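If you want the building blocks of each chain, they are given just below.
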Amino acid sequence: MRDASQRARAATAVAVLLLLAGCGGFVPGEPTPPETASPGASPADSAANATPDADERLGDVAFPDGFTRSGVDVATARERSVAFLRTEPATGAAVERFRAGAYADYEYEAARDRTRFRLDVHNGYVDVTRSDVYVDDGVRYSRSARNRDVSFEASNGSVATTRYRAADSMWAVASRILTVGEFRAVGVVEADGERLIRYAATGVAVRNATDVRGSLTVDRNGVVREARLAYVRGGESKRFEYAVAPRSAGTEVAPPAWLPAASAELAAEEAADTEAMMKSGADARLSTPRSRFDEAGPRAANR
């Protein structure tokens, strides 16, 4: 079951990122798009190489509020992007690579009646924690794993509450990219008849950073569709990636592969708890001393 679940998760993430790749987005681990900085280039060189004819390519582009040719207002980008994640049918993925072996992977799927959010974290040493939440028809199912210990829970839960929290977690990755990275508009890409504005990284607000690479894509509503930033500092590679896309109308979020096992385990635990309560009640009745009223009846008790 674990292998099937992992394959399903990988397929979902790849589908999202390949979709965005067709829209001028990125695919984690693939070569850097042409607009981004080349390996070894300084931030100044990156800016010069990345935007040779940006004015010509952006001549008729209407930038959404908070976005200009020379940069992005992070607060506005957050407002528009988080609202999209919380309210629209969406699919997304994000990764953070802090140092060798230390990472966080996010996956997000949301439709009207169902949502799922997964987060895997490795601290770079020993601990690996995995959290997977699935909400359907007012029931919140969760799978939690730490190293080899796995547990399941079920409780009342709403899609809206789960989406609210998941959107904040997803956006934290994009926020890091926009806060640390410096971006400049370089062109426009077409996707399903929609024009998306593309930015390229020109530097980072980090001292002694080298090999700066990055890109950013935003739609006409100011929703960040993809963001990517990578650089090296002190010999350690840092990489942060974020991608979201609208879900096709009518597509539902598929239940996780672990749901049947979780339901069976939770049902068994509930049955065991019920049996224990019934046994406890029976034992209590048997151990309670009988009163004179019980033994001889009411007339004897009143003599």
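Located above this text is the structure these notes cover.
Residues numbered from 1 in each chain as written. Predicted model: local features only at pLDDT ≥ 70, side-chain atom pairs only at ≥ 80, totals over all residues. Heavy atoms only, no water.

**Observations concerning the sheet that holds strand 6 (residues 128-136)**
Reading across the sheet, the 11 strands line up as 8-7-6-5-4-3-13-12-11-10-9 and stay open at both edges, with antiparallel pairing between neighbours. The open sheet has two free edges, formed respectively by strand 8 (149-156) and strand 9 (181-191), since each of these has just one partner strand. The average undirected angle you get between the axes of adjacent strands in this sheet is 10°. Judged from the eight bridges that link them, strand 11 (residues 209-218) and strand 12 (residues 224-233) form a sheet pairing that is antiparallel. Within strand 12, the position partnered with Thr210 by the bridge is Val232. The sheet strands contacting helix 5 (residues 159-180) are strand 3 (90-99), strand 4 (102-110), strand 5 (114-123), strand 6, strand 9, strand 10 (194-204), strand 11, strand 12 and strand 13 (236-246), and the helix crosses strand 13 at an angle near 135°. (Pairing = 2+ DSSP bridges. Helix = DSSP H or I, 4+ residues; strand = E, 2+ residues; numbered from the N terminus. Axes fitted to C-alpha atoms, helices over the stretch in contact; angles between N-to-C directions. Contact = heavy atoms within 4.5 Å.)

**Overview of the pairing of strand 3**
On a regular strand, each side chain points to the face opposite its neighbour's, so the side chains alternate between the two faces of the sheet. By the criterion of burial, strand 3 is predominantly enclosed, with seven of the 10 residues buried. Bridge count for strand 3 against strand 4 is nine bridges, and the pairing is antiparallel. In the sheet register, Ala94 faces strand 4, and the bridge partner there is Tyr106. In textbook terms, the turn of a hairpin is the stretch between consecutive antiparallel strands, and for strand 3 and strand 4 this stretch comprises two residues, one of which, Gly101, has a positive phi near 85°. Here strand 3 pairs with strand 13 via eight bridges, running antiparallel. Bridge assignment links Thr91 to a residue of strand 13, and that residue is Ala245. (Buried < 20%, exposed > 50% of the residue type's maximum accessible area, 1.4 Å probe, protein only.)

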